[in-house]
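Inside the fold
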Amino acid sequence: MIARTQCQGFGDWEVTMNQKHRREFESLAEAAERTGLSTKTIRRRIASGVLAAYRSGPRVLRVDPDDVDQMMVRLPTMSAGPESMGAPRPSR
């Protein structure tokens, strides 16, 4: 993929630069280490279709770190209210 960026030059000159974006991949072991999951869990996510994987040859599997990060979903937490400070809850 080539992204074109236009920059202002001197006077009325306009400079166009080509930037090629190289996609980064990581091994299943690297993804597992980075996220704290096991490689077996990473493989299960690939098999279930939750995580996309890319094959290079018969044995090499790679994942996109951005896809792995998107797989990790933040759970909502309660805000730090009076209950978290040890104050008694109001009765209902």
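Residues numbered from 1 in each chain as written. Predicted model: local features only at pLDDT ≥ 70, side-chain atom pairs only at ≥ 80, totals over all residues. Heavy atoms only, no water.

A word on the sheet that holds strand β4 (residues 54–56)
For the record, the criterion: Two strands pair if DSSP finds at least two bridges between them. A run of DSSP states H or I qualifies as a helix once it reaches four residues; a run of E qualifies as a strand once it reaches two. Both are numbered from the N-terminal end.
Judged by pairing direction, the sheet is antiparallel, and its 3 strands sit side by side in the order β3-β5-β4 without closing on themselves. Looking at which strands have only one partner, the edges of the open sheet turn out to be β3 (26–27) and β4. Across 2 bridges, β3 lies against strand β5 (residues 60–63) in antiparallel orientation. Pairing of Glu26 across the sheet is with Val63, part of β5.

Regarding the pattern of salt bridges
Selection criterion: By definition, a salt bridge exists where a carboxyl oxygen of Asp or Glu is found within 4 Å of a side-chain nitrogen of Lys or Arg. In this scheme, a residue with accessible area under 20% of its type's maximum is buried, one over 50% is exposed, and one in between is partly exposed, where area comes from a 1.4 Å probe on protein chains only.
Evaluated as defined, the whole model comprises 3 salt bridges. Taking the shortest distance from any N to any O, the salt bridge between Arg23 and Asp64 comes out at 3.0 Å. Of this pair, Arg23 sits in the loop between β2 (14–20) and β3 while Asp64 sits in the loop between β5 and α3 (65–71), placing them 41 residues apart in sequence. The partner of Arg34 in a salt bridge is Glu26, and the shortest N-O contact between them spans 2.8 Å. Classification of Arg34 by relative accessible area gives partly exposed; the value is 39%. Through salt bridges with shared partners, a single network forms among Glu26, Arg34 and Asp69.

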